[in-house]
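For reference, the chains in residue letters:
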Amino acid sequence: MGLDIPGATGSRPDAVPLDESGAEDLLRGICFKTGPPRTVGVELEWLIHDRERPDLPVGRERLDSAVEAVRALPLSAALTFEPGGQLELSSQPAGSLMECVDTTAADLAAVRASLGAAGLAPVGLGVDPWQPPHRRLREPRYEAMEAALDRAGPAGRAMMCTSASVQVCLDAGEEEPGPLGYGRRWQLAHLLGAVLVAAFANSPFQQGRRTGWRSTRQSLWADLDPGRTLAPGSGSAPREAWAAHVLDTTVLCIRCEEGPWDVPEGLTFREWIRTGSPRPPVRADLDYHLTTLFPPIRPRGHLELRMIDAQSGPDGWLVPLAVGTALFDDPEAAETVYRAVKPLAETAGSSAAPRNPLWTTAAREGLADPELRAAATVCFGAALPALERMGASGAVRDTVAAFTDRYVARGRCPADDLPEPGGPTGRGPLTGRGLPAGPSRLTGPVPSAGPSRLTGPVPSAGPEVPTGPVDRPARGPERLAAGPPTIPPTPPRPGKAASA
């Protein structure tokens, strides 16, 4: 989720208050840092499960001890833990795809070994298939976030505490138009993003039952908060659209030095600037506000692709990283893919991602949808020669090719291979036979303290079509309003406003 916080927990008393035009100028200046695409990064979120009984929650003391051991590792990536105990590795910006892959693979091997010594494993699934939301981190920002997000229903807690993703970070692109221009890449991301949702959907279960979505994680994000998770409108140039979107989105919380943070309702950042109440906002407040916006593509100087479910297996994470980098940064592939996904704009309609028909279909149907399958076939077909031109190793190309053959060529996604989690105790196929660790193509055998249940490659591909019918969602943004079926969460504490 990447809830980084620039600056201190509050604003300096002598900081200069923002004015509206100054805030707009600042946002337009920092959202897209242009230049030839050179660097790439990846943020990997993982659920932490017991290797033998992944259906059972990991005790607090045991998790705390494992976290302490992982924090002591000499990692290249930044290491953080999410509110539900998920682990996140955020790579440093790398000068090439292979540099990013190699350093991340080395970090991940060390993390797996450390967790394995405690009988734990990092698990690549978009949503925990067993556990209800349970927040482990008790910090002011998470207290405020939970209070704010509860206003829109249970999706916020589920996102905070039970979801995991692969986030690919790429340069914004060149100032000039063309396949590598930032305007083209911004447009491409909002159409190709739906294809990536569909191809990498890997979260069909929640709290022991099937939800009806290939990517329950994406359905949670779409149901989270209509303003906070939407892409900006498409009627303006990207910089102007993003600046307006930021200022017109409601403030999640107002930080303070002591006591709980204020959680205003319905206060946009623009209104906060204009009223100056409860105190005038300053630059640090705007910086923090930016970290509380969760559109599917977030411009942070670079482009942060946030729509991909966490992937199973020792090397599953590198497929979206390699494919995303190839399709954006190789000029030939970028042009081919742009032509392939441009017709998807008609399906998307006028509503913003992810609450439009294209993204809804991607999350619900995956590549069972013929239109998305056709687009994915072109995209993955373009990625393989692009990876060779970019100097990707044979191991990386083989891993991408294996994923393409197993899923894209068959109109399937990883969610279609996951066995049922069984009954309420979790004693079903997902905890038994089946997801052996196997060797990593990059680092060799995966360190383990015993047989892996959920960390290895998914079982062999079954039939070429998903089992059972999946209803096509209505072609309209209202289809996501209900969200996935969930077990009601623990209600907010008395005296606190429900959050979104």
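Scoring rules and cut-offs
Residues numbered from 1 in each chain as written. Predicted model: local features only at pLDDT ≥ 70, side-chain atom pairs only at ≥ 80, totals over all residues. Heavy atoms only, no water. Core = buried A, V, L, I, M, F, W, Y, C linked by side-chain atoms within 4.5 Å. Buried < 20%, exposed > 50% of the residue type's maximum accessible area, 1.4 Å probe, protein only. Helix = DSSP H or I, 4+ residues; strand = E, 2+ residues; numbered from the N terminus. Axes fitted to C-alpha atoms, helices over the stretch in contact; angles between N-to-C directions. Left-handed = near helix turned anticlockwise from the far one by under 90°. Contact = heavy atoms within 4.5 Å. Nonpolar A, V, L, I, M, F, W, Y, C, P; charged D, E, K, R; others polar. Phe/Tyr/Trp six-rings, centres within 6.5 Å; stacked < 30°, edge-to-face > 60°. Salt bridge = Lys/Arg side-chain N within 4 Å of Asp/Glu carboxyl O. Pairing = 2+ DSSP bridges.

K.L.:
Just checking my understanding: could you explain the nonpolar core for this structure?
P.N.:
Within soluble globular proteins, side chains that are nonpolar tend to cluster in buried spots. By size, the foremost hydrophobic cluster in this structure holds 104 residues, and its most contacted members are Leu87, Leu192, Trp317, Leu321, Leu327, Val341 and Phe380. Considering each element in turn, this core owes the most residues, 12 residues, to helix 6 (residues 182-199). The next biggest cluster of nonpolar side chains, apart from the first, holds 17 residues, and it includes Ala144, Ala147, Leu149 and Cys161.

K.L.:
What is the right way to look at the packing of helix 2 (residues 60-71) against helix 3 (residues 97-117) in this model?
P.N.:
Helix-helix packing is described using two parameters, namely the angle between the two axes and the distance between the axes. Relative orientation of the contacting elements helix 2 and helix 3 amounts to 145 degrees, with a least axis distance of 9 Å. The handedness of the crossing between helix 2 and helix 3 is right-handed. The segment helix 2 lies against helix 3, with Ala66, Ala69 and Val70 engaging Val111, Ser114 and Leu115. Among the residues making up the contact of helix 2 with helix 3, the classes are represented as five nonpolar, one polar and no charged.

K.L.:
Sorry if this is basic, but what is going on with the packing of aromatic side chains here?
P.N.:
Two aromatic rings, taken as a pair, are described by how far apart their centres are and by the angle between their planes. Taken as a whole and judged by the stated rule, the model has nine aromatic pairs. Seen in terms of ring centroids, Trp261 and Tyr288 are 6.0 Å apart; in terms of plane orientation they differ by 90 degrees. Their pairing is edge-to-face. Note that Trp261 is positioned in the loop between helix 8 (238-248) and helix 9 (269-275) and Tyr288 in helix 10 (residues 283-291), a separation of 27 residues in sequence. Here the two residues Trp261 and Tyr288 agree in accessibility, since each one is buried. Geometrically, the ring pair formed by Phe269 and Trp272 is edge-to-face, given 5.3 Å between the ring centres and 70 degrees between the ring planes.

K.L.:
Sorry if this is basic, but what is going on with the pattern of salt bridges here?
P.N.:
Side chains that differ in sign of charge can pair as their charged atoms come close. Under the defined criterion, the tally for this structure stands at 33 salt bridges. Counted as one network, the salt bridges with shared partners bring together Arg135, Arg138, Glu143, Glu146, Asp150 and Arg157.

K.L.:
Explain the pairing of strand 2 (residues 78-81) to me, please; I cannot follow it from the model alone.
P.N.:
Each regular strand displays side chains that alternate between the two surfaces of the sheet. Here strand 2 shows one buried face, formed by Leu79 and Phe81, and one open face, formed by Ala78 and Thr80. Bridging between strand 2 and strand 3 (residues 87-90) involves four bridges; their strand directions are antiparallel. Counterpart to Phe81 in the pairing with strand 3 is Leu87. Here strand 2 folds back onto strand 3, and the loop between the two strands holds five residues, one of which, Gly85, carries a positive phi near 95 degrees.

K.L.:
Got a minute to help me understand unusual backbone geometry in this structure?
P.N.:
For residues besides glycine, phi is generally negative; the peptide bonds are generally trans as well. Cis geometry marks the peptide bond from Ser277 to Pro278; its omega dihedral reads 10 degrees. For Pro278, the location among the structural elements is in the loop between helix 9 and helix 10. The linkage connecting Ala353 with the following residue, Pro354, adopts the cis geometry, with an omega of 0 degrees. Along the chain, the position of Pro354 falls in the loop between helix 13 (344-348) and helix 14 (357-365).

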